[in-house]
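# Overview (structure and organization)
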Amino acid sequence: MCYARWRRLLPSWIDVWPVEWPGRGARMDEALATNPHELASQLASELSANLDVPYAVFGHSLGAIIAFELVHNLLDRGVRAPAVLFASGAEAPAVRDDSKWRLPLNDEALLQELRQLRGTPDEVLSNTEFMKSALPVVRADFMMCGAYAYRMRPRLPCSVHVFGGTDDETSNENLRAWEQETSASFGLDVLPGHHFFIHTRQAELIDLIEAVLAEQSKRSVGLQRSDDDERILHSATH
């Protein structure tokens, strides 16, 4: 729902395609994912046929890691690379250590983690009925964090742009470590706020995303013109 709201906030030349994971929303009848690598492979299978246009991928927190693995899966399937991988609120894959979450957390431990992340209002956390349905989803997400295993692969051919929060636990050093995952350009913006700056600084975040995509679009047009000029020159010399 967070990303669905972005549709009216981003310019018309950017389409927003929120990706719903199994076990939630319209996919409530499906089993919750607990293996991040299997989830990334499943999403790549579902999305690959629709990516014949220029696109970018955005993920926040665990979503950034799934987005990273999704892009690798898409490339393995022969899908064109995205213009940009946006990774938000997450340490780089190579420096993550989420081993403490390999085993499922009990309800009280989950509630404590949510309080520390400061993204869920107290009135929601104290709503027993709501949390009864929400906690299994949260538990599965933490288990995915714990099950993630980084694999060394060739650097991504697309740009990587990272967002962080000034008061988040993720250090700037671990945010900058994302640069090691790209052979193209790298960017980092740190916004005021805690782990869920994605909500509290939404307007600034969206403006930055738009600016990065606009720059990538201009660069792509420039490269296309350069290729066309080269083809014309090549033809003229024969």
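Look up: the structure comes first, before these words.
Below you will find a few notes about this structure. The structure displayed is predicted, hence computed values, not measured ones.

## Structural notes on the sheet that holds strand β3 (residues 159-165)
With parallel pairing, the 4 strands of this open sheet are ordered in space as β1-β2-β3-β4. Looking at the sheet topology across the chains shown, the edges are occupied by β1 (57-60) and β4 (186-191). Between one strand axis and the next, the sheet turns by 15 degrees as a mean value, whatever way the strands run. Sheet analysis places strand β2 (residues 84-88) next to β3, joined by 5 bridges and oriented parallel. Residue pairing across strands places Val84 opposite Ser159, the latter belonging to β3.

## Quick notes on the pairing of β2
Counting buried positions along β2 yields 5 of 5 residues, so the element is predominantly enclosed. Alternating positions in β2 separate into two faces, Val84, Phe86 and Ser88 on one and Leu85 and Ala87 on the other, with burial throughout. Examined bridge by bridge, β1 and β2 share 4 bridges and lie parallel to one another. Considered in β2, the bridge of Phe58 is made with Phe86. For the handedness criterion, the β-α-β arrangement of β1, helix α2 (residues 62-76) and β2 is classed as right-handed.

Definitions and cut-offs
Residues numbered from 1 in each chain as written. Predicted model: local features only at pLDDT ≥ 70, side-chain atom pairs only at ≥ 80, totals over all residues. Heavy atoms only, no water. Pairing = 2+ DSSP bridges. Helix = DSSP H or I, 4+ residues; strand = E, 2+ residues; numbered from the N terminus. Axes fitted to C-alpha atoms, helices over the stretch in contact; angles between N-to-C directions. Buried < 20%, exposed > 50% of the residue type's maximum accessible area, 1.4 Å probe, protein only. Right-handed = clockwise from strand over helix to strand, strands pointing away.

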